[in-house]
Amino acid sequence: MEKLFWTIGETARILGGSVSLVRFWTNSFPELLKPSRTGRGNRQYTAADIETLKQIHFLVKEKGMSLDGARQQLLNGRSKVSKRVKALESLREIRSQLMEIKKGL
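Residues numbered from 1 in each chain as written. Predicted model: local features only at pLDDT ≥ 70, side-chain atom pairs only at ≥ 80, totals over all residues. Heavy atoms only, no water.

What follows concerns the pattern of salt bridges. Scanning the entire structure with this criterion turns up six salt bridges. A salt bridge links K54 to E89; its shortest N-O distance comes to 3.0 Å. You can see K54 sitting in helix α3 (residues 47-62) and its partner E89 sitting in helix α5 (residues 78-104), a full 35 residues away along the chain. Among the ionic contacts, a cluster of salt bridges with common partners joins E31, D68 and R71. (Salt bridge = Lys/Arg side-chain N within 4 Å of Asp/Glu carboxyl O. Helix = DSSP H or I, 4+ residues; strand = E, 2+ residues; numbered from the N terminus.)

Another aspect to go through is the packing of aromatic side chains. Counted under the stated rule, the structure contains zero aromatic pairs. Across the ring face of F29, the terminal group of R71 is positioned such that the distance to the ring centre comes to 4.9 Å. (Phe/Tyr/Trp six-rings, centres within 6.5 Å; stacked < 30°, edge-to-face > 60°. Lys NZ or Arg CZ within 6 Å of the ring centre and 35° of its normal.)

The next thing to look at is the layout of surface pockets. Empty space within the largest pocket amounts to approximately 230 Å³. Those elements giving two or more residues to the lining of the largest pocket turn out to be α1 (8-15), α3 and α5. Split by residue class, the lining of the largest pocket holds five nonpolar, one polar and four charged. (1 Å grid on protein atoms, 1.4 Å probe; cavity = no way out; pocket = protein on both sides within 12 Å on 5 of 7 lines; lining within 4 Å. Points joined across faces, edges and corners; volume = space filled by probe spheres on them. Nonpolar A, V, L, I, M, F, W, Y, C, P; charged D, E, K, R; others polar.)

These figures come from the coordinates and say nothing about function on their own.
As structure tokens, this is what we get:
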């Protein structure tokens, strides 16, 4: 059974970034990210939120887009970005598996 919510720290580890970066992107993209909050005010991210953060990470960090450019790209053509992010994740997973096989030789 998969988790329903992730903390901001867990989300940062999934993205390979820092907690402050996740918080910054959450505040910069309020129309795309609306994490729920616990009674203590801590952010809780869903799988959809994490997928959106992965797309933002791809556009800003990998493609070098500005925040405004990434926002426009996600609002206009989200399916294209989603496909690219998933393909990139698959390739990284294959690479890590190949590296493990190489270590075993």
